[in-house]
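Residue-level structural notes
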Amino acid sequence: MQAREGLPVEQKQVVITEKLPIGISLCAMGGPVRYNGKGIDVLSALGREKNDFTFFPVCPECQAGLGVTRDPVHLSGGNGEQVWSGEAEVKNRSGKLVTKEIKQGSLECLEVLKRSGVKAFIYMDGSPSCGVYRTTLKSTKRGNPPGVFGSLLLDEGFFLIPSSDLQSPLKWWDWRRRLLAFHWFANHPLYSIQELYETWYVLKFLCQELDNTWAREMGRTLASLSKGDFAQFEPTFRSQVLDLLRRPSTTAKITNSLWKHYAHYRKKKGKKVEEINSPDFKRNVTTITKELIKMERTALEDDFLFGASPVIYRDQSRMRALEQQKASLEEEPQ
């Protein structure tokens, strides 16, 4: 991770140059490991962007030794959290108890993720093992969420992404920018009140989009702090910001934020980006996503903090190419 050197604090561009490790339900990566021997490759929707991450697929039900194909399992008597407390059980379609096996498989998968440094997970909702907000796909029923493995992921504080949202370019863009901000901030040490202020400036515009009331109140709280308050307040600040970054935005909020930051870019840089439209302009989510990606790229090239997406990923070779391009432009005669 690096901050662009030589820039004032308020203009720092945060760039992550290491691939993020992401856990994923194996069936969501196309692995034919569901009870019926099928899988869904949600990563294909990302195109070349999937190469920006390193994926660690796991399947608690396979790790449990249940095999493929197998009888589907379901939660009985409560949710996944209650399975861990002994108040609920896991049974297969034939009524056989598989609680012990599913718990063991879940613990082994969690160990793989921890050993790999994974802090984010793309889960298959509707699964009694991996599901977080649904543990069944029957009609509109939610089952007994979270699932057994999903409960562990929640308890461990993973950044959780529903696999179905990768099918929408705008939803994935929203998850991706918040994940990068989450990863950067979770690993960004703070040693002083000044560093806290500088970090807040990087993240505050995204926080305002997600929850303006909370962000404004946080801004007032930060303004009232003294140097002596830092040690006590920093854990609260970090916890609340990380929790907020887990929350999805909306299309309306995203398009309004894009226009606001683009207007600021035009004023500050004196340039236009023809592809970007106002919130009133009717277009589909694919077009909106293309505009957002264009603004990210433009902001990076012009050393401008695009507050809606303040942390981006570029591998080291692309960053070197960008710096060489800038250097050659500076050497050209005016």
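The rules we used
- Residues numbered from 1 in each chain as written.
- Predicted model: local features only at pLDDT ≥ 70, side-chain atom pairs only at ≥ 80, totals over all residues.
- Heavy atoms only, no water.
- Helix = DSSP H or I, 4+ residues; strand = E, 2+ residues; numbered from the N terminus.
- Rg over C-alpha atoms; globule rule 2.2 N^0.38 Å.
- Buried < 20%, exposed > 50% of the residue type's maximum accessible area, 1.4 Å probe, protein only.
- Contact = heavy atoms within 4.5 Å.
- Areas by Shrake-Rupley, 256 points an atom, 1.4 Å probe, with all protein chains shown as cover.
- Lys, Arg positive; Asp, Glu negative; His and termini not counted.
- Charge placed at Lys NZ, Arg CZ, Asp CG, Glu CD.
- Pairing = 2+ DSSP bridges.
- Axes fitted to C-alpha atoms, helices over the stretch in contact; angles between N-to-C directions.
- Core = buried A, V, L, I, M, F, W, Y, C linked by side-chain atoms within 4.5 Å.
- pLDDT = per-residue confidence, 0-100.
- Salt bridge = Lys/Arg side-chain N within 4 Å of Asp/Glu carboxyl O.
- Phe/Tyr/Trp six-rings, centres within 6.5 Å; stacked < 30°, edge-to-face > 60°.
- Left-handed = near helix turned anticlockwise from the far one by under 90°.
- Nonpolar A, V, L, I, M, F, W, Y, C, P; charged D, E, K, R; others polar.
- Expected span 1.5 Å × (residues − 1).
- Arc of directions from axis to C-beta.

Regarding its fold elements, the chain presents 11 helices and nine strands. Over its C-alpha atoms the chain spans a radius of gyration of 22 Å, differing by no more than 12% from the 20 Å that the globule rule assigns to 334 residues. Judged by the C-alpha coordinates and their principal axes, the chain covers about 75 × 45 × 40 Å. Sorting the 334 residues of the chain into buried and exposed places 47% on the buried side. Taking contacts inside the chain between residues at least 6 apart in sequence as the whole, the part at least 24 apart equals 63%. If you sum the accessible surface of the chain, you get close to 16,700 Å²; carbon and sulfur atoms cover 48% of it. For the chain, the distance from the average site of its 48 positive side-chain charges to the average site of its 40 negative ones is 5 Å.

Moving on: the sheet that holds strand β3 (residues 20-25). Taken together, four strands build an open sheet; the order of strands is β4-β3-β7-β8 and the sheet is parallel. Edge positions in the sheet fall to β4 (53-58) and β8 (159-162), since each of these pairs with one other strand and no more. The sheet shows a mean angle of 25° between the axes of neighbouring strands, taken without regard to direction. In this structure, β3 lies alongside β4, joined through six bridges in parallel fashion. Among the inter-strand pairings, I24 is bridged to a residue of β4, identified as P57.

The biggest cluster of nonpolar side chains holds 51 residues, and the ones touching the most others in it are W200, F237 and V241. With residues up to four places along the chain from it excluded, the contact list for W200 reads C207, W214, A215, M218, G219, L222, F237 and V241. In this structure, I276, M295, F304 and F306 belong to the second largest nonpolar core, which totals 15 residues.

Once that is clear, we can look at the environment of T136. Relative to the helices and strands, T136 resides in the loop between β7 (120-123) and α4 (148-155). A sequence separation of 10 residues divides T136 from G126, and the C-alpha atoms of the two residues are 4.3 Å apart.

So, about the confidence of the model for the chain. With 93% of its residues at a pLDDT of 70 or more, the chain has an overall mean of 92. This stretch, residues 1-9, has a pLDDT under 50; its non-local contacts, to residues over four places away or in other chains, come to 25 contacts.

This part covers the pairing of β7. What you see with β7 is no split at all: A120 and I122 on one side and F121 and Y123 on the other are buried throughout. Bridge analysis of β3 against β7 gives two bridges, and the strand direction is parallel. Across the sheet, the residue bridging to I24 is I122, located in β7.

Here we come to the pattern of salt bridges. A complete count under the given rule lists 15 salt bridges for this structure. The shortest N-O distance in the salt bridge between R177 and D174 comes to 2.9 Å. Of the two residues, R177 and D174 both sit in helix α5 (residues 169-186), three residues apart, roughly one turn of that helix. Among the charged side chains, a salt-bridge network with shared partners connects D174, R177, R178 and E209.

Under the criterion given, the structure shown has 12 aromatic pairs. Between F185 and F237, the aromatic rings sit 5.7 Å apart at their centres with planes inclined by 80°, giving edge-to-face as the arrangement. Taken as a pair, F185 in helix α5 and F237 in helix α8 (residues 230-245) lie far apart in primary sequence, 52 residues in all. Just as F185 is buried, F237 falls in that class too. The structure contains a cluster of three or more aromatic residues connected by ring pairs, namely F185, W200, W214, F233 and F237.

Turning to the packing of α5 against helix α6 (residues 193-210), a few remarks are in order. Following both chains from N to C, one finds α5 and α6 inclined at 145°, their axes separated by 12 Å at the closest point. In this structure, the crossing between α5 and α6 has a hand that is left-handed. Residue-level inspection shows R177, R178, A181, W184 and F185 of α5 in contact with α6, the latter providing T199, V202, L203, L206, E209 and L210. Here the contact of α5 with α6 is built from residues that sort into seven nonpolar, one polar and three charged.

Once that is clear, we can look at α8. Taking 1.5 Å per residue, 16 residues should reach 22 Å; α8 reaches 22 Å between its end C-alpha atoms and fits that length. Regarding α8, the residues found buried are F230, F233, E234, F237, R238, V241, L242, L244 and L245. For α8, the angular spread of the buried residues around the axis is 155°, confining them to a single face. Where the residues of α8 are buried, they touch β8, α5, α6 and α7 (212-223).

Looking along the chain, the bond that leaves V68 and enters T69 is cis, with omega of -5°. Position of T69 among the secondary structure elements: in the loop between α1 (60-63) and β5 (73-76). Following P145, the chain continues into P146 via a peptide bond in cis, with omega recorded as -5°. Mapped onto the elements, P146 comes out in the loop between β7 and α4. Backbone geometry at D303 places phi at a positive 55°, although glycine is not the residue there.

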